[in-house]
Amino acid sequence: MRKELLPGEQVIVVTRPQPRTLIVPGLLFILVSALTAYACAWIVKGGPAKLVPLVTPDWTPWLIGGCLALAAWVLVGYCLPRVVTWHASRYTLTSRRLVARYGMLRRRDQQVPLAAVRNVFIEQTLLQRTLRSGNISLDTGYPSSTVIPDVPEVMTFRNFILDALDELPEDELLEADDTMHDPGEWPMDLREGGRDER
């Protein structure tokens, strides 16, 4: 990110989404690893031969290989993609913009110039309030606002955004106002000075 900074731009904070999305993959990783170790030990001790007499000791390597392949399929197919997705997601707040990047192989990039931000809203579910995370909505004056999901320490992050907005130079704010609202497109009764009462 430091190579992509504009002249005079400084990084304020870099964070990732709240890691609560890793709870299920983490528990599944522990559970699958424990069950696989137990199943392999049970196979080595001759457990399958006691249940099904047709299973001979020659089957032991194949059964262990099947257990390990099934465990690897669950871990690599479910747990690993979620960990990689979380690790590749990053929220960067600089002195001039907020950048949200998602994905490793298929990357999605969201950039919001702070000069365009009019309001900062926080939305939290009960679980997010418990974990002190939340979704930040940035109102830029366009019909749809930009939402940054699952920001950890959401109140602190919002305060960083508000502080960065306060420290923006006046000329950048005026430029953003000029690009957002072209006075020539406003209806006569909404232009500065109010209605024409002639």
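As the structure is a prediction and not an experimental result, all values here were calculated from the model.

Trainee: Lay out the overall build of the protein in plain terms, naming residues and giving numbers.
Mentor: Within the protein one finds six helices and seven strands. Listing every helix and strand of the protein by position from the N terminus yields β-α-α-α-β-β-β-β-α-β-β-α-α. Within the protein, residue pairs in contact and separated by at least 24 positions form 53% of the contacts whose partners lie at least 6 positions apart. Total accessible area computed for the protein in this model is approximately 13600 Å², and 61% of it derives from carbon and sulfur atoms.

Trainee: Tell me about the confidence of the model for the protein, residues and numbers included.
Mentor: The predicted model of the protein has a mean per-residue pLDDT of 81, with 84% of residues at 70 or higher. Low confidence marks residues 178-198, where pLDDT is under 50. Its contacts with residues over four positions away, or in another chain, come to twelve contacts.

Trainee: Can you lay out the sheet that holds strand S1 (residues 11-15) for me, pointing to particular residues and giving the numbers?
Mentor: Spatial ordering of the open sheet is given by S1-S2-S3-S4, a layout of four strands whose pairing is antiparallel. At either end of the open sheet lies a strand with only one pairing partner, and these are S1 and strand S4 (108-113). Within this sheet the neighbouring strands show an average axis-to-axis angle of 10 degrees, counted without direction. Bridging between strand S2 (residues 90-94) and strand S3 (residues 97-102) involves four bridges; their strand directions are antiparallel. Within the sheet, the bridge partner assigned to Arg90 lies in S3 and is Arg101.

Trainee: I'd like to hear about unusual backbone geometry, residue by residue, with values.
Mentor: The phi torsion at Arg132 lies on the positive side, around 60 degrees, for a residue other than glycine. Mapped onto the fold, Arg132 is located in the loop between helix H4 (126-131) and strand S6 (133-139). For Glu153, which is not a glycine, the phi torsion comes out positive at approximately 50 degrees. With respect to the helices and strands, Glu153 occurs in the loop between strand S7 (146-152) and helix H5 (154-166).

Criteria and cut-off values
- Residues numbered from 1 in each chain as written.
- Predicted model: local features only at pLDDT ≥ 70, side-chain atom pairs only at ≥ 80, totals over all residues.
- Heavy atoms only, no water.
- Helix = DSSP H or I, 4+ residues; strand = E, 2+ residues; numbered from the N terminus.
- Contact = heavy atoms within 4.5 Å.
- Areas by Shrake-Rupley, 256 points an atom, 1.4 Å probe, with all protein chains shown as cover.
- pLDDT = per-residue confidence, 0-100.
- Pairing = 2+ DSSP bridges.
- Axes fitted to C-alpha atoms, helices over the stretch in contact; angles between N-to-C directions.

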